[in-house]
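# Examination of the molecular architecture
Each chain, letter by letter, is given below.
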Amino acid sequence: MSKINEVLSYLEEGRAKAKCRHHPEGTLMKAIVYHKYGSPDVLKLEEVEMPTPTDDEVLIRIHAVSINGSDREGLIGKPLYARLGGLRKPGYPILGSDIAGRVERIGKNITQFQPGDEVFGEIPGYHGGFAEYACASEKTLARKPASLTFEVAAAIPQAGVIAWNGIREKGQVQPGQHVLINGAGGSAGMFAVQLAKLYGAEVTGVDNTGKLDFMRSLGADHVIDYTREDFTKNRKQYDLILDVIAHRSAFAYRRALKPNGTYFFVGGSVATLFQILLLGPWIQRTTGRNIRLLAVPQNSRDLISITELCETGKIVPVIDRGYSLSEVPEALRYVAEGRAKGKVVITVQQSVDK
Ligand SMILES: NC(=O)c1ccc[n+]([C@@H]2O[C@H](COP(=O)([O-])OP(=O)(O)OC[C@H]3O[C@@H](n4cnc5c(N)ncnc54)[C@H](OP(=O)(O)O)[C@@H]3O)[C@@H](O)[C@H]2O)c1
């Protein structure tokens, strides 16, 4: 039962909350909209109604928004959990979750922010950020440090909080431990490699051929090209595996773990997720190896923790490329082609003046 609750809260934290909050007030904004799952070709720049904040929300004028694996998944509707907002067509027409901008208006229950404040964070439901304005809960927002640009701040939230949870908060990485990060050249992986090195681990990064040098530049001690080698079949074992793109069996992950080691499923195939939920507890009882889902709550506390490391330069949010709002389809195409190293960030052009 607790496993079911874990999955339900994981889903509730994210995509299940994908409800349309756009209440027509007559004011239009530009947004990148999609009405069916597919390639970046289904994305269109349109004028849509501006969202209105509820009593518990903040309306933000977006200056920058970054792309995550969740946008790629939400666009194509795969894995299946990406369709939780809408099975046949997207439940919410605008993708984009990690934003940085200025508070425009606040709901009446908001206590931490005022209009004009510079903020950044995740939008609950992972939707609505590829637009000039979006609403978010104050629980997932933080004040943007003056030392970080809007672009750098937008690069941190989802990926940084996943890495913080996987490596530090729940992973509790210790000096000398062997840590493997699967998908290390992408958004969360880029933060995770640096964090694991910061806490003294020996780090192995796994990603495609074009990202091997990038992973080394982040500090990875060893790199594996997933197109040539399966890290679960090379007889090496790790204290911690952080997997942002899981698609193997629970037994394969067991093989790659040291006794008492931990494997975290962050994202990937639903078949793998269910195997891990069903077999993980049994594998732990019989072998001591901990194979489980890492449910990452969207929250400002963890966001502030990882951002403090970015402010001091201990962690560098690497931005591969920047695009404008109208170029979101091109940006997502670049990411989908497997070329993005670290983060891709959209600088949003404003057309509605205060
Ligand atoms: N657990 C939670 O609570 C939670 C919360 C939020 C998000 N998520 C999930 O977390 C994941 C986050 O991913 P992200 O934003 O870091 O994604 P990302 O930026 O797309 O990075 C994924 C990386 O993995 C690489 N990759 C693809 N196939 C691979 C394979 N077979 N082996 C190794 N690497 C491979 C990708 O390279 P290519 O370019 O070659 O594809 C890419 O570099 C998403 O699935 C999202 O849904 C989970």
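Up top is the structure these notes are about.
Here is a short report on the structure shown in this document. (Residues numbered from 1 in each chain as written. Predicted model: local features only at pLDDT ≥ 70, side-chain atom pairs only at ≥ 80, totals over all residues. Heavy atoms only, no water.)

### Details of the overall build of the protein chain
Helix and strand content of the protein chain: 10 helices and 15 strands. For 354 residues, the compact-globule estimate of 2.2 N^0.38 gives 20 Å, and the protein chain sits close to it at 20 Å. Here the C-alpha coordinates of the protein chain stretch approximately 60 × 40 × 40 Å along the principal axes. Burial status across the protein chain gives 57% buried among its 354 residues. (Helix = DSSP H or I, 4+ residues; strand = E, 2+ residues; numbered from the N terminus. Rg over C-alpha atoms; globule rule 2.2 N^0.38 Å. Buried < 20%, exposed > 50% of the residue type's maximum accessible area, 1.4 Å probe, protein only.)

### Quick look at the site of the ligand
Taken together, 30 residues are adjacent to the ligand, and Glu 73, Asp 207, Asn 208, Tyr 226 and Leu 294 come closest. Contact distances for the ligand include 2.8 Å between an oxygen atom and a side-chain N or O atom of Ser 187. Note that a nitrogen atom of the ligand is positioned 2.7 Å from one of the backbone N or O atoms of Leu 294. One can see that the ligand is located within the largest pocket. (Near = heavy atom within 4 Å. Polar contact = N/O pair within 3.5 Å; in protein donor to acceptor, adjacent residues only side chain to side chain. 1 Å grid on protein atoms, 1.4 Å probe; cavity = no way out; pocket = protein on both sides within 12 Å on 5 of 7 lines; lining within 4 Å. Sits in = over half its atoms within 2 Å of the grid points.)

### Looking at the layout of surface pockets
When its volume is computed, the largest pocket comes out at roughly 980 Å³. For the largest pocket, the lining is made up of 46 residues, of which Gly 69, Arg 72, Glu 73, Val 244 and Ile 245 are closest to its centre. Among the elements of the structure, α1 (2-13), α2 (69-76), α4 (157-169), α5 (187-198), β9 (202-207), α10 (328-336) and β15 (343-347) are those that each provide at least two residues to the lining of the largest pocket. With five residues, α2 is the single largest residue contributor to the lining of the largest pocket. Partitioning the lining of the largest pocket into residue classes produces 20 nonpolar, 15 polar and 11 charged. (Points joined across faces, edges and corners; volume = space filled by probe spheres on them. Nonpolar A, V, L, I, M, F, W, Y, C, P; charged D, E, K, R; others polar.)

### Things to note about the environment of Leu 279
By the secondary structure assignment, Leu 279 is in helix α8 (residues 270-287). Take Leu 279: its relative accessible area is 24%, and that puts it in the partly exposed class. Separated by 13 residues in the primary sequence, Leu 279 and Arg 292 place their C-alpha atoms 9.2 Å from one another. Leaving out residues up to four positions away in the same chain, Leu 279 has contacts with Ala 250 and Phe 251. (Contact = heavy atoms within 4.5 Å.)

### Thoughts on the environment of Asn 165
When you line up the elements, Asn 165 lands in helix α4. For Asn 165, a relative accessible area of 1% translates into the label buried. For the pair formed by Asn 165 and Asp 302, sequence separation is 137 residues and the distance between their alpha carbons is 7.7 Å. Not counting residues within four places of it along the chain, the set of residues in contact with Asn 165 comprises Lys 170, Gly 171, Leu 294, Val 296, Pro 297 and Asp 302.

### Description of the packing of α4 against α5
The relative placement of two packed helices is expressed as an angle between their axes plus a distance between the axes. Between α4 and α5, the shortest axis-to-axis distance is 8 Å and the interhelical angle comes to 40 degrees. As judged from the angle between their axes, α4 and α5 are oblique. Crossing handedness for the pair α4 and α5: right-handed. Contact residues: α4 offers Ala 159, Gly 160, Ile 162, Ala 163, Trp 164 and Ile 167, while α5 offers Ser 187, Ala 188, Phe 191, Ala 192, Leu 195 and Ala 196. Across the contact of α4 with α5, the residue classes tally to 10 nonpolar, two polar and no charged. (Axes fitted to C-alpha atoms, helices over the stretch in contact; angles between N-to-C directions. Parallel < 35°, antiparallel > 145°, perpendicular 65-115°, else oblique. Left-handed = near helix turned anticlockwise from the far one by under 90°.)

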